Amino acid sequence: MSQTLIQAHNLAHSFDYPLYNSIDFSLQSSQSIAILGRSGSGKSTLLYNLSSFLAPNSGSVKLFDKDVYNLKDQEVAYIRRYEMGMVFQSHYLFKGMSGLENIEIATMLSNQELDRELLKKLQIEEVIDQKISDLSGGQQQRVSIARVLNKKPKIIFADEPTGNLDKTTAKLVMDVLLEYVEQNEAGLVLVTHDEDLAKLCDRVYRLEDKALEALQ
Ligand SMILES: Nc1ncnc2c1ncn2[C@@H]1O[C@H](COP(=O)(O)OP(=O)(O)OP(=O)(O)O)[C@@H](O)[C@H]1O
Ligand SMILES: [Mg+2]
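S.K.: Before we go on, may I ask you to explain the site of ligand 1 in this structure?
M.R.: In the neighbourhood of ligand 1, the contacting residues comprise Phe 15, Leu 19, Gly 37, Ser 39, Gly 40, Ser 41, Gly 42, Lys 43, Ser 44, Thr 45 and Gln 89. At 3 residues, the largest contribution of residues to the shell around ligand 1 is made by helix α1 (residues 43–50).

As structure tokens, then:
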């Protein structure tokens, strides 16, 4: 049975200028949604609003039917640790540690086992013992994706997870994400500039003129 993972109503947010003023958004289990939009349109901000990290100026966000911006800190921490994973636009890996150590921190915190198969699929198995600072940008990006998927989250938020990748590797990463969603009945919210990758998702929206327009 399909589960509602995200239910957001009437979201508005502005910084120096209004980014959007009444966005409704929902995500079901086993569903993938892509968000396109020009640089500066507010895609990352929307992702932060949806993922418990930034309260919108107005509107509400429910994750797993819980109103995230009216929860106790402990409850938010639980959701962040066990139920969702965030692939940030800048990926925040610990530079002095190896890729494997970075992943192990996440698996330890969420009581999960390391999934070697996933490292193979992402083609980072051979470089996983190298220090992050010795990895290429694209390899680092894939380590950060492995780190998030190894937590076994129910919702994945991914902010341009293929931004540093060539087309072939980007497609490979996309396949890994979509396969994860299908096999785990998880949900994916993907921000991307790549229309071809966006089309692989169940739904595609564009953030434009302060609103979320459905394309697919
Ligand atoms: N913490 C912040 N404080 C002030 N302004 C911010 C903050 N975060 C974002 N902004 C502004 O909000 C606007 C939207 O930023 P956002 O990062 O959401 O855009 P984006 O669509 O993700 O762009 P990109 O495609 O370049 O990543 C920008 O003008 C940015 O300067
Ligand atoms: Mg962004």
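That shown, we press on.
S.K.: What is the right way to read unusual backbone geometry from this model?
M.R.: What you tend to see is this: most non-glycine residues have negative phi, and most peptide bonds are trans. With a phi close to 60 degrees, Lys 152 is a non-glycine residue in the positive phi region. Topologically, Lys 152 is positioned in the loop between α5 (137–150) and β7 (155–159). Its 18 C-beta neighbours within 10 Å are what place Lys 152 among the partly exposed residues. In the Ramachandran plot, Lys 210 falls in the positive-phi region, its phi being about 65 degrees despite a non-glycine side chain. In this fold, Lys 210 is placed in the loop between β9 (203–208) and β10 (211–214).

S.K.: What exactly am I supposed to notice about the sheet that holds β10 here?
M.R.: One open sheet holds the 6 strands; their spatial order is β6-β7-β8-β3-β9-β10, and the pairing between them is mixed. Sheet topology places β6 (84–87) and β10 at the edges, where each strand pairs with a single neighbour. Ignoring which end each strand starts from, the neighbouring axes of this sheet average 20 degrees apart. With 5 bridges connecting them, strand β3 (residues 31–37) and strand β8 (residues 187–191) associate as parallel partners. Residue pairing across strands places Ile 35 opposite Val 191, the latter belonging to β8.

S.K.: Even after reading the chapter, I still don't get the nonpolar core, so can you show me in this structure?
M.R.: Nonpolar side chains tend to gather and get buried jointly when the protein is soluble and globular. Counting 56 residues, the largest nonpolar core has Ile 33, Ile 35, Phe 157, Leu 188, Val 189 and Leu 190 as its most contacted members. A total of 6 residues in this core trace back to one element, the largest contributor, which is helix α6 (residues 167–184). With near-sequence residues (within four places) excluded, Leu 188 lies in contact with Ser 32, Ile 33, Ile 156, Ala 158, Leu 177 and Val 181.

S.K.: Would you take a moment to explain the environment of Leu 172 for this structure?
M.R.: Residue placement: Leu 172 occurs in helix α6. Linking Leu 172 and Thr 162, residues 10 residues apart in sequence, is a C-alpha distance of 9.7 Å.

S.K.: How do you make sense of the sheet that holds strand β2 (residues 18–28) when you look at a structure like this?
M.R.: Pairing between the strands of a sheet comes from backbone hydrogen bonds, and it takes one of two forms, parallel or antiparallel. If you trace the 4 strands from one edge of the open sheet to the other, you get β2-β1-β4-β5, paired in antiparallel fashion. Each edge of the open sheet carries a strand with a single partner, namely β2 and β5 (66–67). Bridge analysis of strand β1 (residues 4–14) against strand β4 (residues 58–63) gives 5 bridges, and the strand direction is antiparallel. Bridging from a neighbouring strand, His 9 pairs with Ser 60 of β4. Taken strand by strand, α1 contacts β1, β2 and β4, and its axis lies near 130 degrees from that of β1.

S.K.: It is not clear to me how the pairing of β8 should be interpreted in this structure. Could you clarify?
M.R.: Side-chain direction in a regular strand flips from residue to residue, so the side chains alternate between the two faces of the sheet. Within β8, 5 of the 5 residues are buried, which leaves it mostly tucked inside the rest of the structure. Where burial is concerned, the two faces of β8 agree: the one with Gly 187, Val 189 and Val 191 and the one with Leu 188 and Leu 190 are both buried. Alignment of β7 against β8, held across 5 bridges, turns out to be parallel. Directly across from Ala 158, in β8, lies its bridge partner Leu 190. Handedness of the crossover is the feature at issue here: the chain leaves β7, passes through α6, returns alongside β8, and the resulting connection is right-handed.

Procedures and definitions
Residues numbered from 1 in each chain as written. Chains lettered and ligands numbered in written order. Predicted model: local features only at pLDDT ≥ 70, side-chain atom pairs only at ≥ 80, totals over all residues. Near = placed C-beta within 6 Å. Helix = DSSP H or I, 4+ residues; strand = E, 2+ residues; numbered from the N terminus. Buried ≥ 20, exposed ≤ 12 C-beta atoms within 10 Å, placed from the backbone. Pairing = 2+ DSSP bridges. Axes fitted to C-alpha atoms, helices over the stretch in contact; angles between N-to-C directions. Core = buried A, V, L, I, M, F, W, Y, C linked by C-beta atoms within 7 Å. Contact = placed C-beta atoms within 7 Å. Right-handed = clockwise from strand over helix to strand, strands pointing away.

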